[in-house]
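A look at the structure
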Amino acid sequence: MASSSSSGLTFKLHPLVIVNISDHHTRVKVQAQHSSSAAVPAAGAASNGGAPFPPPRVFGCVIGVQRGRTVEIFNSFELLFDPVTHTLDRAFLEKKQELYKKVFPNFYILGWYSTGSDAQESDMQIHKALMDINESPIYVLLNPSINHAQKDLPVTIFESGV
């Protein structure tokens, strides 16, 4: 999947990244449902009158290369994120970055990903935390909601403003 942006950059998003993000979201969602079904009589129902739990958001890094005006996103890995403090586990991020550098020495952290229907205000904390690794990180947002009328993939790539 390739697309151009208003800045003149061309983004190439490899299918593995979409599969990784979707898999990450699905695993976390199933784990949340499984743990809540043990505590709540109706599986997937919350203590708020039986309404379903909101889908979990997941976070990770996207890696790849930038050659001139073309940004290729080849792979991704999960990040450990504390939803209460809105902070990343920095030691985990640095270890993953080190391991990926050994296997893929030409790949760099280009930015990060999350799931949801829209970017949220709290996402800026993650974005700013990654700016010491990449001064202009990109943000890949995958909307896991099913919309049968939509023909395009539910993926949006945001660029950092200068």
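Here's what I pulled together on the structure shown here. Remember, predicted model here, so these are calculated numbers, not experimental data.

Conventions we followed
- Residues numbered from 1 in each chain as written.
- Predicted model: local features only at pLDDT ≥ 70, side-chain atom pairs only at ≥ 80, totals over all residues.
- Heavy atoms only, no water.
- Helix = DSSP H or I, 4+ residues; strand = E, 2+ residues; numbered from the N terminus.
- Buried < 20%, exposed > 50% of the residue type's maximum accessible area, 1.4 Å probe, protein only.
- Contact = heavy atoms within 4.5 Å.
- Areas by Shrake-Rupley, 256 points an atom, 1.4 Å probe, with all protein chains shown as cover.
- Pairing = 2+ DSSP bridges.
- Right-handed = clockwise from strand over helix to strand, strands pointing away.
- Core = buried A, V, L, I, M, F, W, Y, C linked by side-chain atoms within 4.5 Å.
- Polar contact = N/O pair within 3.5 Å; in protein donor to acceptor, adjacent residues only side chain to side chain.

**So, the overall build of the protein**
- Per the secondary structure count, the protein includes three helices and nine strands.
- Starting at the N terminus, the α and β elements of the protein follow one another as β-β-α-β-β-β-β-α-β-α-β-β.
- Expressed as a percentage of its 162 residues, the buried residues of the protein come to 33%.
- Sequence-distant contacts in the protein: of pairs separated by 6 or more residues, those separated by 24 or more amount to 64%.
- Just so you have it, the protein exposes about 9700 Å², and 57% of that area is on carbon and sulfur atoms.

**Examining the pairing of strand E7 (residues 108-115)**
- Most of E7 sits out of view: seven of its eight residues are buried.
- The pairing of E7 with strand E8 (residues 138-142) spans five bridges and is parallel. Bridge pairing in E8 places Tyr-113 opposite Val-140.
- As for the winding sense of the linkage, the β-α-β connection from E7 through helix H3 (residues 123-129) to E8 is right-handed.

**Things to note about the nonpolar core**
- Ranked by size, the top nonpolar core spans 17 residues in total, and within it Cys-61, Phe-77, Leu-93, Ile-126 and Leu-130 carry the most contacts.
- Examining the composition of this core, we find that four residues originate from one element, strand E3 (residues 59-67), more than from any other.
- Not counting residues up to four positions away in its chain, the partners in contact with Cys-61 are Asn-75, Ser-76, Phe-77, Leu-79, Leu-93, Ile-109, Gly-111, Trp-112, Tyr-113 and Leu-130.
- Of all hydrophobic cores here, the second largest spans 16 residues; its members include Leu-9, Val-62, Ile-138 and Leu-142.

**Concerning the side chain of Asn-75**
- Within the fold, Asn-75 resides in strand E4 (residues 70-78).
- Polar contacts involving the side chain of Asn-75 include one to the side chain of Asn-20, which spans 2.9 Å.
- Beyond its immediate chain neighbours, meaning those up to four positions away, Asn-75 contacts Leu-16, Val-17, Asn-20, Cys-61, Val-62, Ile-63, Tyr-100 and Phe-104.

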